[in-house]
Amino acid sequence: STYNRSTGVGNCDGLIKEGYSDWRVPTIQEWLTLGDYRFDGGTALDPSQFSQVANDWYLSATLTQEAAPVMHLFHGASGNTTWAWTSNYYYLRCVRGPQWVGAPVLTAVGNVAIDNNRELMWERTDNPTLRNWTAALDYCNGLALDGYDDWRLPNIREAMSLMNLNYNLPVV
């Protein structure tokens, strides 16, 4: 079955499964933590953990602030995201538990920005040199900045944690 945002929220809110009644629609950030981004030809959602993964879009609870009523969607096969009107119909999976911490809480200190939610430290200034993956690894591993020399290239989930998903086109 497919749902628009209103019917999806109602379905999850009223769901009683495995003895639990605190189900909700996942945020786009929660969806992004599930994606398998190895690009090995499989689906973004691990089929050994998730049954009946649709090669289609799933609802998220995340609305954009730019053009309400617009929500973010997650693609079950590719792991991509997009946005659409909340009145359109898409697939639904409910989640329970504490909501994932959204946007980073950044504190600027010198040439670095510290994400206090995830205990990560980021370079504050973008390095304009284009690099392939190996060169990017070498750059990060050799970086010495503000007295720190233990830098590394972020993984995909860490890099995505910087995205501002309050807009139709996510921005850092």
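Just above sits the structure.
Residues numbered from 1 in each chain as written. Predicted model: local features only at pLDDT ≥ 70, side-chain atom pairs only at ≥ 80, totals over all residues. Heavy atoms only, no water.

**Considerations on the pattern of salt bridges**
Thinking step 1. According to the stated counting rule, one finds three salt bridges in the structure shown.
Thinking step 2. In this structure, Glu-30 engages Arg-24 in a salt bridge whose closest nitrogen and oxygen atoms are separated by 2.7 Å.
Thinking step 3. A salt bridge links Arg-152 to Glu-158; its shortest N-O distance comes to 2.7 Å. (Salt bridge = Lys/Arg side-chain N within 4 Å of Asp/Glu carboxyl O.)

**A few points about the sheet that holds strand E4 (residues 81–85)**
Thinking step 1. If you walk across this open sheet you meet the three strands as E2-E3-E4, and the pairing is antiparallel. Because the sheet does not close on itself, it has two edges, and the strands there are strand E2 (57–63) and E4. Shown here is a sheet whose adjacent strand axes are inclined to one another by a mean of 40°, direction ignored.
Thinking step 2. The pairing of strand E3 (residues 70–75) with E4 spans five bridges and is classified as antiparallel. Within the sheet, the bridge partner assigned to Phe-74 lies in E4 and is Thr-81.
Thinking step 3. The strands touched by helix H1 (residues 5–13) within the sheet are E2 and E3, with E2 carrying the most contacts at an inclination of about 90°. (Pairing = 2+ DSSP bridges. Helix = DSSP H or I, 4+ residues; strand = E, 2+ residues; numbered from the N terminus. Axes fitted to C-alpha atoms, helices over the stretch in contact; angles between N-to-C directions. Contact = heavy atoms within 4.5 Å.)

**Describing the packing of aromatic side chains**
How two aromatic rings sit relative to each other is given by the distance of their centres and the angle of their planes.
Thinking step 1. Applying the stated rule across the entire model yields three aromatic pairs.
Thinking step 2. Where Trp-31 meets Tyr-58, the ring centres are 5.2 Å apart and the plane angle is 40°; that geometry is what we call tilted. Of this pair, Trp-31 sits in helix H2 (residues 28–34) while Tyr-58 is found in strand E2, placing the two residues 27 residues apart along the sequence. The same class applies to Trp-31 and to Tyr-58, which are both buried.
Thinking step 3. Ring plane angle 10° and centroid distance 5.0 Å describe the contact between Trp-31 and Phe-74, whose orientation is recorded as stacked. Linking Trp-31 in helix H2 with Phe-74 in strand E3, this pair joins segments that are 43 residues apart in sequence. Phe-74 matches Trp-31 in its accessibility class, with the two residues each being buried.
Thinking step 4. One aromatic cluster is present, built from ring pairs that chain together Trp-31, Tyr-58, Phe-74 and Tyr-91.
Thinking step 5. Stacked on the ring of Tyr-20, the Lys or Arg Arg-96 has its end atom at 3.6 Å from the ring centre.
Thinking step 6. Positioned above the aromatic ring of Tyr-139, the side-chain terminus of Arg-131 is 4.1 Å from the ring centre. (Phe/Tyr/Trp six-rings, centres within 6.5 Å; stacked < 30°, edge-to-face > 60°. Buried < 20%, exposed > 50% of the residue type's maximum accessible area, 1.4 Å probe, protein only. Lys NZ or Arg CZ within 6 Å of the ring centre and 35° of its normal.)

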